[in-house]
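Inside the fold
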Amino acid sequence: MTYSGTVKVGGPADVHELTDLMISKVAVGPMNNNAYLLRCRATGEQLLIDAAAEAGVLLRLIGEDGIRSVVTTHRHGDHWQALGEVVAATGARTYAGRYDAEGIPVPTDELVEDNGTIRVGQVSLTARHLTGHTPGSIALVYDDPHGAPHVFTGDCLFPGGVGNTNKDPEAFASLLHDVETKLFDRLPDETWVYPGHGHDTTLGAERAQLPEWRERGW
């Protein structure tokens, strides 16, 4: 079936099948968080992005093969409510941005640097620090050798705007700058965007709106 990225809490995962990677998206919890299970097709190794809530749902999605690692995109509590339980059940190593790890109560095994690499099997993901929604949010870029890139943006980029910066002009300017220079300036319009809540988008669908976002200040 064609992947749409449209999921709802209590509903099934939607699976994006790429040549080297399978991406399963599921919605969990009272804040309709997205969690993403990445599976290397060559090795079967798996990685989870944001153990946000409903550990039982996530563990069923993970299945008997388990996961090697869990990446938390940022420190906000709705993105790590199930992290402790998932780690306890799977023994997965934990990853988070260097400047957000201290705000996550489950210990972080690997501090992720800007431009750092996280692997799932034979697939490499590149981290981009995006400052403003939190001090140490990270996006993860998969530069698919067989097609367009894919980027997991946490709460830093959504359809229609960047993430919430609580009406702080400096935080907004920082986040918009990082999103522009580290995502829009480096990646093509075809890049698929997987946000921390709600529907997917592409950089091309959002690029023309950047001046509007800058003008409105959020």
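Now for a look at the structure at hand. Here the structure is a predicted model, which is why all the values come from computation and not from measurement. Along each chain, residues carry numbers from 1 onward, in the same order as the chain's sequence is written. Local features in this predicted model are restricted to residues of pLDDT 70 or higher, and side-chain atom pairs are both shown and tallied only at a pLDDT of 80 or more, whereas totals for entire chains, interfaces and linings draw on every residue. Side-chain numbers come from the whole structure's heavy atoms, not from hydrogens or water.

1. Some words on the overall build of the chain
- Only runs of H or I of at least four residues qualify as helices and only runs of E of at least two qualify as strands under DSSP, and these elements are numbered from the N terminus. Regarding its fold elements, the chain presents 5 helices and 15 strands.
- Counting contacts in the chain only where the partners sit at least 6 residues apart, residues at least 24 apart contribute 52% of the total.
- If you sum the accessible surface of the chain, you get close to 9600 Å²; carbon and sulfur atoms cover 49% of it.
- Charged side chains of the chain number 17 positive and 30 negative; the gap between the two group centres comes to 1 Å. In this description, contact between two residues means that some pair of their heavy atoms is separated by no more than 4.5 Å. All accessible-area figures derive from a Shrake-Rupley calculation using a 1.4 Å probe, and residue coverage is judged against the displayed protein chains alone. The charge count includes Lys and Arg as positive and Asp and Glu as negative, but it does not include His or the ends of the chains. Just so you know, the charge point we use is NZ for Lys, CZ for Arg, CG for Asp and CD for Glu.

2. With respect to helix 2 (residues 83-90)
- Whether a residue is buried, partly exposed or exposed follows from its accessible area with a 1.4 Å probe, protein chains only, as a fraction of its type maximum: under 20%, in between, or over 50%, in that order. Every buried residue of helix 2 is listed here: L83, V86 and V87. The arc that holds the buried residues of helix 2, viewed along the axis, is 95 degrees, so those residues lie on one side. Helix 2 presents E85, A88 and A89 as exposed residues on the side facing more than 90 degrees away from its buried surface.
- Contacts made by the buried residues of helix 2 are with strand 4 (46-49), helix 1 (55-62), strand 5 (69-72) and strand 6 (93-97).
- Looking at the residues trailing helix 2, positive phi occurs at G91, about 70 degrees. It is the directions from the helix axis to the C-beta atoms whose arc is reported.

3. A few points about the nonpolar core
- Residues belong to a common nonpolar core when they are buried Ala, Val, Leu, Ile, Met, Phe, Trp, Tyr or Cys residues joined through side-chain atoms within 4.5 Å. Within the largest apolar cluster, 23 residues are counted, with the highest numbers of intra-cluster contacts made by L48, A51, L58, I67, V70, L83 and V86.
- Elements with a contribution of two residues or more to this core: strand 2 (21-28), strand 3 (33-40), helix 1 and helix 2.

4. Brief notes about the environment of Y99
- With respect to the helices and strands, the residue Y99 is situated in the loop between strand 6 and strand 7 (110-112).
- A residue is classified by how much of its surface remains accessible, and Y99, at 47% relative accessible area, is partly exposed.
- Sequence spacing of Y99 and I138 is 39 residues, and the spatial spacing of their C-alpha atoms is 9.6 Å.
- Every residue in contact with Y99, bar those within four places of it in the chain, is listed here: R75, H129, P135 and G136.

5. Concerning the sheet that holds strand 15 (residues 201-202)
- With mixed pairing, the 6 strands of this open sheet are ordered in space as 8-9-10-11-14-15. In this open sheet, the two strands that pair with only one neighbour each are strand 8 (117-120) and strand 15.
- We treat two strands as partners when DSSP finds at least two bridges between them. The pairing of strand 9 (residues 123-130) with strand 10 (residues 137-142) spans 5 bridges and is antiparallel. Note that in strand 10 the partner of T126 across the bridge is V141.
- All axes are obtained by fitting lines to C-alpha atoms, using only the stretch in contact for helices, and the reported angles, taken between N-to-C directions, cover 0 to 180 degrees. Together, strand 9, strand 10 and strand 11 (150-154) form the strand contacts of helix 3 (residues 169-184), whose direction differs from that of strand 9 by roughly 150 degrees.

6. So, helix 3
- Turning to helix 3, its buried residues number three or more, namely A171, F172, L175, L176, D178, V179, E180, K182, L183 and F184.
- Measuring from the side-chain oxygen of the N-cap residue of helix 3 to the backbone nitrogen of E170 gives 2.9 Å; that N-cap residue is D168. A 3.5 Å cut-off defines polar contacts: any pair of N or O atoms within that distance qualifies, except that in protein one atom must be a possible hydrogen donor and the other a possible acceptor, and neighbouring residues in sequence count only when both atoms are side-chain atoms.

7. Thoughts on the packing of helix 1 against helix 2
- As a packed pair, helix 1 and helix 2 sit with axes 9 Å apart at the nearest point and diverge in direction by 40 degrees. Classed by the angle they form, the pair helix 1 and helix 2 counts as oblique. When you trace helix 1 past helix 2, the crossing you get is right-handed. For the pair helix 1 and helix 2, contact is made by A55, L58, L59 and I62 and by E85, V86, A89 and T90, respectively.
- Side-chain classes follow a simple rule in which Ala, Val, Leu, Ile, Met, Phe, Trp, Tyr, Cys and Pro form the nonpolar group, Asp, Glu, Lys and Arg form the charged group, and the remainder, Gly included, forms the polar group. Among the residues forming the contact of helix 1 with helix 2, the class breakdown is 6 nonpolar, 1 polar and 1 charged. Each angle is binned into one of four classes, with values under 35 degrees roughly parallel, values over 145 roughly antiparallel, values of 65 to 115 roughly perpendicular, and all other values oblique. Two helices cross in a left-handed way if the nearer one is turned anticlockwise from the farther one by less than a right angle. They cross in a right-handed way if the turn is clockwise.

8. Structural notes on the sheet that holds strand 4
- Taken in spatial order, the 7 strands make up an open sheet running 1-2-3-4-5-6-7, and their pairing is mixed. On the outer flanks of this sheet lie strand 1 (14-17) and strand 7, each paired with one strand and no other. On average, each strand axis in the sheet is tilted by 20 degrees relative to the strand beside it, whichever way the strands run.
- Of the strand pairs in this sheet, strand 1 and strand 2 are connected by 4 bridges, and their pairing is antiparallel.

9. Thoughts on empty space enclosed by the protein
- Only protein atoms enter the calculation, which uses a 1 Å grid: trapped sets of points that fit a 1.4 Å probe without letting it out are cavities, open sets showing protein on both sides within 12 Å along at least five of seven lines are pockets, and any residue with an atom within 4 Å of a point is a lining residue. Grid points are joined across faces, edges and corners, and a volume is the space filled by probe spheres set on the points. Applying the stated criterion to the full structure yields 1 cavity of 30 Å³ or more.
- Each pocket or cavity is described by its volume, and for the largest cavity that value is around 40 Å³.
- Surrounding the largest cavity, N34, Y36, I49, D50, T73, F152, T153, G154, Y194, P195 and G196 form its lining.
- Those elements giving two or more residues to the lining of the largest cavity turn out to be strand 3, strand 11 and strand 14 (192-195).
- Counting residues per element, the lining of the largest cavity draws most heavily on strand 11, which supplies 3 residues.

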